[in-house]
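Below are the chains, spelled out letter by letter.
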Amino acid sequence: MSEDQKIIQAFTSGEYKEGFVTDVEQEFIPKGLNEEIVRMISARKEEPEWLLEFRLDALRKWQSMPMPDWAHLDMPEIDFQDIIYFAAPKKDKDRPKEIDPKLAETFDKLGIPLKERDVLAGVVAVDAVFDSVSVTTTFRKTLAEKGIIFCSFSEAVKEHPDLVRKYLATVVPASDNYFAALNSAVFSDGSFCYIPKGVRCPMELSSYFRINARGTGQFERTLIVADEDSYVSYMEGCTAPMRDEQQLHAAVVEIIVEKGADVKYSTVQNWYPGDAEGKGGILNLVTKRGICKGDGSHLSWTQVETGSAITWKYPSTILKGDYSSSEFYSVAVTNNHQQADTGTKMIHLGRGTKSRIVSKGISAGVSQNSYRGLVRMAKGAQNARNFSQCDSLLIGSRCGAHTFPDIQSQNPTATVEHEATTSKISEDQLFYCNQRGIGPEEAVGLIVNGYAREVLSRLPMEFAVEAQKLLQVSLEGSVG
Amino acid sequence: MGHGKYIAPSQGQYQVQAGEVLNLQYVVLPGESRDIEISVDLVGPGAEAHIKALYLCKATEKVRFRIVMHHKAPGCKSTQLINGIAGGQADVRFDGTIVVAPDAQQTEAYQENHNIVLTEEAKVVTKPQLEIYADDVKCSHGATVGQLNADELFYMRSRGIPEAEARTLQMLSFLSPVIPEGREEEIEAAVRSL
């Protein structure tokens, strides 16, 4: 084995340290997907009639839809009847108000503080979702004083049914796509967040998703509403145990940004990517979309994607309000047998709308990494502007990097620019570092971090550190 | 239409062997709907392919470009440059794919598509795609859809160049990298007719 190959191997064989399983008593509903199961989930969550109808309608739509095959992915057959659609940790009957110590320990291990006193005062409020249920939401009282609603989706349905009903599925309708329809039928829990008019959320809000149970899928739903002139920064993280079987994660995230509001949504996705032979891992099939509904609104997506066996994810923005703007910053890392097909859609409808796309793909091992993006300038998008940059970095000669942009312009005053490059870490760059006493592995880390800097610098501070570490683990020491 | 000898047929499949160089040139003039569909396989080490295309639309033309550039051997080089102006109710679409096979190391592949939309009704869709399975490559693509630069226009008008003339100059300079030799006058006349 040559020196280069050794370094690549060291770099690409970083361990997945979140791969443990929590031994906690759980209750399940039977395997399979049909009307009865959907009714069972809905009954278990004591949902109102309209939500059950919404689910059943989505199920019927899903049943009539074909599985999409346009992505540049080698998708395994998914047997939707072989999945448990609802799994929840059993609550200790004697202490119903307390969090199960084992769960607390799990989240503690993951570095997610569930007890408010553990956190530096007023830094991050967390909604922790374990399999199909939200186990706790911190800082609810502090936030409530400002009128901010931050709770699990199930609680929101009970406590704020009007808000949920008003906004649910307005951005991602149930019939939007195969996986959104599936999610709409069986979604279990997730986070709900409402920022009232003119309120600046005093802390970062965060959802943390954890898959634990075997044979289950996670189908969470997140709904964020930022009313006029409000601001919120929202973070999302996820991990799962190491298993030989592949598990399904099909989430829907909807964001509504009203006039003058500003939402920043950040994701660090670290689902179990499968082992070096491509066995196991999470199938991450997610629909995320926001609408800049009012004039001057702003939505920013930042994502660091390092996990999952398969990623199928296109966080998108509909720029409806005049002079609204949106950004998409992404670093997607694939290694071993991972496959990622990710990107964004920017739909410009309003006048003077602006969007910016910066996507950095890094592929190593025998992985495939694709950027897929759509920029559409509708007839009314006077003077709209988009700039996209999609760079790919290849590490090793057996991986692939692909770019599939789609640019549509129907307005003579709109400007769209797209550029993409593909490259590897050059000998020159490495030589330069080595010459100055920086070892090959460290040099690669340096170059990769520099390559991804533009995106990493957009992450909230709490996440930036984690993301940089993740990059190191997923990609330590690569030489082309 | 009166294309010069440089103009390649609209449909074509080409295999370029080691050391060979393929040059393809396309011109689509106003009033002409065209479906250009070509695939080029670079099969020998060191093969090269260069594609240049120009289109001008002012009515209800439909212009399609479908270009597949397949790098199958190491050390090959390809460039693509497609520039055009869409006016009237034109419908222009560019689908370009560069595929670099796993063993095609030291590939250099560049693809550029620039479009100017002149009217409300004209529509441009561009899909420049890269599929890369080798790591020692230099590949890039760029695509733009926009309008004539207002600052440039102002610069020229402030120096006494009438607006229509200034716009013509802008369009000609935008097209100049893809205008085939010997057809400058014909293309200038077509630009003036837009």
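Relevant structure appears above.
I will try to describe carefully the structure that is included in this document. Here the structure is a predicted model, which is why all the values come from computation and not from measurement. The residue numbering used here restarts from 1 in each chain and proceeds along that chain's sequence as written. Chain A is the first chain written and ligand 1 is the first ligand written, with later ones labelled in order. For a predicted model such as this one, the threshold for reporting local features is a pLDDT of at least 70, and the threshold for listing and counting side-chain atom pairs is 80 or more; totals across whole chains, interfaces and linings nevertheless cover every residue.

Some points on the overall build of chain B
Filter applied, for reference: The helix and strand labels rest on DSSP assignments: H or I over at least four residues marks a helix, E over at least two residues marks a strand, and numbering proceeds from the N terminus. For every residue, the other C-beta atoms within 10 Å of its own C-beta are counted; 20 or more classify it as buried, 12 or fewer as exposed, and values in between as partly exposed. C-beta atoms are placed from the backbone. We call two residues in contact when the distance between their C-beta atoms, placed using the backbone, is within 7 Å.
Looking only at helices and strands, chain B has three helices and ten strands in total. When the helices and strands of chain B are placed in sequence order, the string is β-β-β-β-β-β-β-β-β-β-α-α-α. The principal-axis extent of the C-alpha atoms belonging to chain B is close to 55 × 35 × 30 Å. For chain B, buried positions account for 42% of its 194 residues. Relative to all contacts within chain B whose residues are 6 or more apart in sequence, the contacts with residues 24 or more apart total 78%.

Comments concerning the overall build of chain A
Along chain A, the regular secondary structure elements total eleven helices and 23 strands. Taken across its 480 residues, chain A has 56% of its residues classed as buried. Considering only contacts within chain A whose residues lie at least 6 apart along the sequence, 84% involve residues at least 24 apart.

Describing the interface of chain A and chain B
Rule in force here: Being paired, for any two strands, means DSSP has found at least two bridges between them.
Facing the 29 residues of chain A at the interface are 30 residues of chain B. The pairing of strand S23 (residues 415-424) of chain A with strand S10 (residues 137-146) of chain B spans seven bridges and is antiparallel. Bridging from a neighbouring strand, Val 416 of chain A pairs with Val 145 of chain B of S10 of chain B.

Quick notes on unusual backbone geometry
The general pattern is negative phi for most residues beyond glycine and trans for most peptide bonds. Unusually for a residue other than glycine, Ala 169 of chain A sits at a positive phi of about 65°. Relative to the helices and strands, Ala 169 of chain A is located in the loop between helix H7 (161-167) and helix H8 (178-186). Unusually for a residue other than glycine, Gln 106 of chain B sits at a positive phi of about 55°. Here Gln 106 of chain B shows up in the loop between strand S7 (91-100) and strand S8 (107-117). Residue class for Gln 106 of chain B comes out partly exposed when judged on the 16 C-beta atoms lying within 10 Å of it.

As for the nonpolar core
Note the following rule: We define a nonpolar core as a collection of buried residues of the types Ala, Val, Leu, Ile, Met, Phe, Trp, Tyr and Cys that are connected via C-beta atoms lying within 7 Å of each other.
Grouped together as the largest cluster of nonpolar side chains are 181 residues, with contacts concentrated most on Cys 193, Ala 226, Ile 255, Val 257 and Val 263 of chain A together with Val 100 of chain B. In this structure, Ile 255 of chain A is in contact with Val 171, Ile 224, Val 263, Tyr 265, Gly 290 and Leu 299 of chain A, ignoring residues within four places of it in sequence.

Side note on the environment of Met 65 of chain A
Residue and element names in this part refer to chain A. Locating Met 65 in the fold gives a position in the loop between helix H3 (49-63) and strand S2 (87-89). Here the alpha-carbon distance between Met 65 and Tyr 451, two residues 386 residues apart in the chain, equals 40 Å. If near-sequence neighbours (up to four positions away) are discounted, Met 65 is found in contact with Tyr 178 and Ala 181.

Quick notes on the environment of Pro 315 of chain A
Residue and element names in this part refer to chain A. Mapped onto the fold, Pro 315 is located in the loop between strand S15 (310-313) and strand S16 (316-319). Along the chain, Pro 315 and Pro 412 lie 97 residues apart, while their C-alpha atoms are 27 Å from each other. Dropping the residues within four chain positions of it, Pro 315 is found in contact with Lys 288, Trp 301, Gln 303, Phe 328 and Thr 344.

Considering the environment of Ala 401 of chain A
With respect to the secondary-structure elements, Ala 401 of chain A resides in strand S22 (residues 400-409). Look at Ala 401 of chain A and you get buried, because 32 C-beta atoms sit within 10 Å. Residues Ala 401 of chain A and Phe 80 of chain A lie 321 residues apart in sequence; the distance between their C-alpha atoms is 30 Å. Ala 401 of chain A has contacts with Gly 361, Ser 363, Asn 369, Ser 392, Leu 394 and Thr 422 of chain A together with Ile 132 of chain B, leaving out every residue within four places of it along the chain.

Details of helix H2 (residues 35-44) of chain A
All names here are of chain A. Stated formally: The arc in question is formed by the directions pointing from the helix axis toward the C-beta atoms.
Along H2, the positions that sit buried rather than exposed are Ile 37, Ile 41 and Ser 42. Buried residues of H2, seen end-on, are gathered within an arc of 135° and therefore sit on one face of the element. Opposite its buried face, H2 presents the exposed residues Glu 36 and Ala 43, each directed more than 90 degrees away. Tucked inside the fold, the buried residues of H2 contact H3 and H8. After H2 finishes, the residue Glu 46 shows a positive phi value of roughly 50°.

Quick word on H8 of chain A
Residues and elements named next belong to chain A. Judged by how many residues are buried, H8 sits mostly within the fold: eight of nine residues are covered. If you check which residues of H8 are buried, you get Phe 179, Ala 180, Ala 181, Leu 182, Asn 183, Ser 184, Ala 185 and Val 186. If you follow the buried residues of H8, they end up packed against H2, H3, strand S8 (221-226), strand S11 (252-257) and strand S13 (281-292).

Remarks on the packing of helix H9 (residues 427-435) of chain A against helix H10 (residues 440-456) of chain A
Residue and element names in this part refer to chain A. Note the following rule: Lines fitted to C-alpha atoms define the axes here, with helix axes fitted over just the stretch in contact, and angles between the N-to-C directions of these axes take values from 0 to 180 degrees. By the definition adopted for this analysis, an angle is roughly parallel if under 35 degrees, roughly antiparallel if over 145, roughly perpendicular if from 65 to 115, and oblique otherwise. Each crossing is labelled by how the near helix is turned from the far one, with a counterclockwise turn of less than a right angle marking it left-handed and a clockwise turn marking it right-handed.
Packing of H9 against H10 leaves a shortest axis separation of 9 Å and a crossing angle of 125°. If you check the angle between H9 and H10, you find them oblique. Along this stretch, H9 crosses H10, giving a crossing that reads as right-handed. Taken together, the residues of H10 that come into contact with H9 (itself represented by Gln 429, Leu 430, Cys 433 and Asn 434) are Pro 440, Ala 443, Leu 446 and Ile 447.

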